[in-house]
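The primary structure of each chain is shown beneath.
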Amino acid sequence: MPAEPCSVTACTNPGTLTCSICDQPKTRYCSAACQKQDWTTHKRTCAGAQKHNCFIIRTTAPNGSTNPADRIEPFPLSAYGNWIVEMKELQQRLGWPHADEAGKFYSHQAKDNHWYYYMYASSAPGLPVNDIATRCRHHAREVRGDVAVVRSGPEGFASYEETFCRMELLKTVNYYNTANSSEVFGQRERSRFGERSGFPPGFLDAHGLTTMHFS
Ligand SMILES: [Zn+2]
Ligand SMILES: [Zn+2]
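What you see is a predicted model, and the numbers here were worked out from it, not measured in a lab.

Chemist: Can you help me understand the overall build of the protein in this one?
Modeler: Helices and strands together make up the secondary structure of the protein, namely 6 helices and 9 strands. Expressed as a percentage of the 215 residues in the protein, the buried residues total 29%.

Chemist: Explain the nonpolar core to me, please; I cannot follow it from the model alone.
Modeler: Across soluble globular proteins, you tend to see nonpolar side chains buried next to one another. Counting residues in each nonpolar core, the largest one holds 33 residues, and the members touching the most others are Met 119, Tyr 120, Ala 133, Val 147, Ala 148 and Val 149. Secondary structure elements with two or more residues in this core: strand 4 (55-57), strand 6 (99-105), strand 7 (116-122), helix 3 (131-136), strand 8 (147-152), strand 9 (164-165) and helix 4 (166-175). Among the elements that line this core, the one with the most residues is strand 7, at 6 residues. Among residues more than four places away in sequence, those in contact with Ala 133 are Ile 57, Ala 102, Met 119, Val 143 and Val 147.

Chemist: Can you walk me through the sheet that holds strand 6 in this structure?
Modeler: Across a sheet, strands are paired by hydrogen bonds formed along the backbone, either parallel or antiparallel in direction. Read from one edge to the other, the open sheet built from 5 strands follows the order 5-4-8-7-6, with strand pairing classed as antiparallel. A single partner strand is all that each edge strand has here, and the edge strands are strand 5 (72-74) and strand 6. When the angles between neighbouring strand axes are averaged without regard to direction, this sheet yields 30 degrees. By the bridge criterion, 3 bridges tie strand 4 to strand 5 in an arrangement that is antiparallel. Residue pairing in the sheet places Ile 56 in a bridge with Glu 73 of strand 5.

Chemist: Please explain the environment of Gln 109 as it appears in this structure.
Modeler: One can find Gln 109 in the loop between strand 6 and strand 7. Sequence-wise, Gln 109 and Glu 168 are 59 residues apart; in three dimensions their C-alpha atoms are separated by 9.9 Å.

Chemist: How should the environment of Ser 182 be read in this particular structure?
Modeler: Take Ser 182: it is sitting in helix 5 (residues 181-197). Once the C-alpha coordinates of Ser 182 and Cys 136 are considered, the two residues, 46 residues apart in sequence, prove to be 8.6 Å apart. In this structure, Ser 182 is in contact with His 138, His 139 and Ala 140, ignoring residues within four places of it in sequence.

Chemist: Whenever I open this one, the pairing of strand 7 confuses me. Can you help?
Modeler: Sheet faces and side chains relate simply in a regular strand, where the side chains alternate between the two faces. The buried fraction of strand 7 amounts to 7 of the 7 residues, a majority that puts the element mostly inside the structure. In this sheet, strand 7 lies alongside strand 6 in antiparallel orientation, the contact comprising 6 bridges. The residue bridging Asp 100 from the neighbouring strand is Ala 121, located in strand 7. Looking at chain direction, strand 7 and strand 8 are connected through 6 bridges and run antiparallel. The partner of Met 119 across the bridge, within strand 8, is Val 149.

Chemist: Explanation requested: helix 4 in the structure shown.
Modeler: Since there are 3.6 residues in each turn of an α-helix, residues three or four apart along the chain are aligned in direction. Residues of helix 4 that are buried include every one of Arg 166, Leu 169, Leu 170, Thr 172 and Val 173, and no others. The arc that holds the buried residues of helix 4, viewed along the axis, is 165 degrees, so those residues lie on one side. In this structure, the buried residues of helix 4 make contact with strand 4, strand 5, strand 7, helix 3, strand 8 and strand 9.

Chemist: What am I meant to see in the environment of Ala 133 here?
Modeler: With respect to the helices and strands, the residue Ala 133 is situated in helix 3. In this structure, the C-alpha to C-alpha distance between Ala 133 and Val 173, residues 40 residues apart in sequence, is 8.2 Å.

Rules of the game
- Residues numbered from 1 in each chain as written.
- Chains lettered and ligands numbered in written order.
- Predicted model: local features only at pLDDT ≥ 70, side-chain atom pairs only at ≥ 80, totals over all residues.
- Helix = DSSP H or I, 4+ residues; strand = E, 2+ residues; numbered from the N terminus.
- Buried ≥ 20, exposed ≤ 12 C-beta atoms within 10 Å, placed from the backbone.
- Core = buried A, V, L, I, M, F, W, Y, C linked by C-beta atoms within 7 Å.
- Contact = placed C-beta atoms within 7 Å.
- Pairing = 2+ DSSP bridges.
- Axes fitted to C-alpha atoms, helices over the stretch in contact; angles between N-to-C directions.
- Arc of directions from axis to C-beta.

In structure tokens, the structure reads:
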């Protein structure tokens, strides 16, 4: 069966590669070069580049896919911005008995220390382990079931973008394939505290101070 053609109009090669962050139907390309060329146009419609205030990371993909992108879906909250109303909306829309805090994690970008991703999970017993949420979580503890992810910030920091896209979240969860989430969390907390108190960058790390006193 011949492959569908490459999405670049001028290109006649078979589109054997797909955009990895799109919803179905997949946008097809013959090569990374064609995908790069088409990105300026494609990002306007690519589902992976659309921004929302909340995403769900599922324990398994609805279509059985093993691609992590297929486990992350937009879940825009109308009650965004206050944890009490966010929890209530999650409970109502997802049928969760209660929405519990499931941990937090910083972005893969080292400069982003003024906000983190904040996870909610269902309090229902016996849910399967969510491997993505577990490895991203700021301190080691198993996270179970689907999680809802929003951006949040420490007290006193409000200057960050509240909406984000699947592509950004995907880059961060992939970063924690190798990065140690507890270490990254501690480093970012120390660097933010250092900025606020006027310590030079790296000072707190070098002096072995922990986040315990100011988180
Ligand atoms: Zn796409
Ligand atoms: Zn092509």
